[in-house]
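# Descriptive structure summary
Listed below are the residues making up each chain.
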Amino acid sequence: MIDTHCHLDFPDYHEDLDQVIERAGQAGVEKMITIGIDAPSSRAAAALARERLNVYAAVGLHPNSAAEADENLWREIDDLAAERKVVAVGETGLDYYRNRAPRDAQRRAFLRQIDIAAGHDLPVVIHCRQAYDDCYDILRGLGRPLRGVMHCFSGSAEDARRFLDLGLLLSFGGPVTFPNAEELRGVVRSVRPEDLMLETDAPFLAPQAFRGTRNEPAYVRYIARALARLYDLSLHDIDRITTLNANRLFGIGPPDSAETA
Ligand SMILES: [Zn+2]
């Protein structure tokens, strides 16, 4: 399995990151993508990816911090995006739920990161909260295909359809395991496993079995199990399909001989 969205640089893991990564391996998580949310966290994510064989990084500026954006920051994100194990730009997008940054600053930062991603031929990791219409308009307005994922998707079945039609993938995290998330599970059932990747968004949003405690990549199997039940597939099938999608989107398939030589 691949945890395509976690935040391993967060202080939550400062004490025991080695054990967290080891437990992930024991739980069948072969790779993790740690996601930057601002300049320091993107730097830390790229450093972790350099140090750890099975960790990859995304670098970017979260919409909640969009007001921090300046040319120095974009230069740094652009430099980091050139590193071999930096496999995506983000998380970027729009968050009208928390609304911590002005909407126009969020939109500008989003567009800028889409450009940086395109310059490096990288996919975009998109955070969208209560902003699905604007997010869709921005992406469709590009007038060109975009590779990426709508992470921790919380929109409607109709929203899901629109983003899939743009060529994006979706990922669902811990909330699919929550007892009161019948509506969200309906959205999952409305799409195909071929459209999905796995993620935890750790340290946030622990699955129901650990709800209220720190999340970690090892728990991604609880998401996989919930998806298997929803599609009436085996855990193995969910693993196979979502791993293929992640390997393909982020270009992190098994190394060929040229890479190991
Ligand atoms: Zn995140």
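Residues numbered from 1 in each chain as written. Predicted model: local features only at pLDDT ≥ 70, side-chain atom pairs only at ≥ 80, totals over all residues. Heavy atoms only, no water.

With that settled, consider the packing of helix α5 (residues 132–141) against helix α6 (residues 157–165). Taken N-terminus to C-terminus, the directions of α5 and α6 make an angle of 15 degrees; their axes are 11 Å apart at the nearest point. The orientation of α5 with respect to α6, classified from their angle, is roughly parallel. Where α5 crosses over α6, the handedness of that crossing is left-handed. Here α5 contributes Tyr132, Asp133, Cys135, Tyr136 and Leu139 to the contact with α6, which in turn contributes Asp159, Arg162 and Phe163. A per-class count over the contact of α5 with α6 returns five nonpolar, no polar and three charged. (Axes fitted to C-alpha atoms, helices over the stretch in contact; angles between N-to-C directions. Helix = DSSP H or I, 4+ residues; strand = E, 2+ residues; numbered from the N terminus. Parallel < 35°, antiparallel > 145°, perpendicular 65-115°, else oblique. Left-handed = near helix turned anticlockwise from the far one by under 90°. Contact = heavy atoms within 4.5 Å. Nonpolar A, V, L, I, M, F, W, Y, C, P; charged D, E, K, R; others polar.)

What the eight strands build is an open sheet, ordered β1-β2-β3-β4-β5-β6-β7-β8; its pairing is parallel. Two strands bound the open sheet, and with one partner strand each, they are β1 (2–6) and β8 (196–198). Sheet twist, expressed as the average angle between the axes of neighbouring strands with direction ignored, equals 30 degrees. In the packing of helix α4 (residues 103–119) onto the sheet, the strands contacted are β4 (86–95) and β5 (124–129), and the crossing angle to β4 comes to about 160 degrees. (Pairing = 2+ DSSP bridges.)

Let's shift gears to the nonpolar core. Counting 75 residues, the largest nonpolar core has Leu8, Leu139, Met150, Phe163 and Leu170 as its most contacted members. The element that contributes the greatest number of residues to this core is helix α8 (residues 220–231), accounting for eight residues. Among all residues touching Phe163, those that are not within four sequence positions of it are Tyr132, Cys135, Tyr136, Leu139, Met150, Phe153, Leu168 and Leu170. Of all hydrophobic cores here, the second largest spans 15 residues; its members include Ile33, Ala88, Leu169 and Leu249. (Core = buried A, V, L, I, M, F, W, Y, C linked by side-chain atoms within 4.5 Å. Buried < 20%, exposed > 50% of the residue type's maximum accessible area, 1.4 Å probe, protein only.)

Protein coordination of the zinc ion is provided by His5 (NE2), His7 (NE2), Glu91 (OE) and Asp201 (OD), with donor distances spanning 2.1 to 2.6 Å. Its four donor atoms give the zinc ion angles of 85 to 178 degrees at the centre, a pattern that matches the irregular case. Between consecutive donor residues of the zinc ion, the sequence gaps follow H-x1-H-x83-E-x109-D. Here Asp201 lies in the loop between β8 and α8 and His7 lies in the loop between β1 and α1 (17–26), a separation of 194 residues in the sequence. Grouping residues by exposure puts His7 and Asp201 together as buried. (Donors = N, O, S within 2.8 Å, 3.2 Å for Na, K, Ca; no water. Tetrahedral: all angles 85-135°; square planar, octahedral: opposite > 155°, others 65-115°.)

To continue, consider the pairing of β1. For β1, the tally of buried residues reaches five of five residues, placing the bulk of the element in the interior. Bridge analysis of β1 against strand β2 (residues 31–35) gives three bridges, and the strand direction is parallel. Its bridge partner lying in β2, Ile2 is registered against Lys31. Crossover connection from β1 via α1 to parallel β2: handedness right-handed. (Right-handed = clockwise from strand over helix to strand, strands pointing away.)

The next subject is the packing of aromatic side chains. Inspection of every chain in the model, using the stated rule, returns nine aromatic pairs. A centroid spacing of 5.7 Å and a plane angle of 80 degrees characterise the contact between Phe10 and Phe204, whose relative ring orientation is edge-to-face. Of the two residues, Phe10 sits in the loop between β1 and α1 while Phe204 sits in the loop between β8 and α8, which places them 194 residues apart along the sequence. Judged by relative accessible area, Phe10 falls into the buried class, the value being 11%. Between the aromatic rings of Tyr132 and Phe153, the centroid separation amounts to 5.2 Å while the plane-to-plane angle is 65 degrees, which identifies the pairing as edge-to-face. With Tyr132 in helix α5 and Phe153 in the loop between β6 (148–151) and α6, this residue pair connects regions lying 21 residues apart in the sequence. (Phe/Tyr/Trp six-rings, centres within 6.5 Å; stacked < 30°, edge-to-face > 60°.)

These figures come from the coordinates and say nothing about function on their own.
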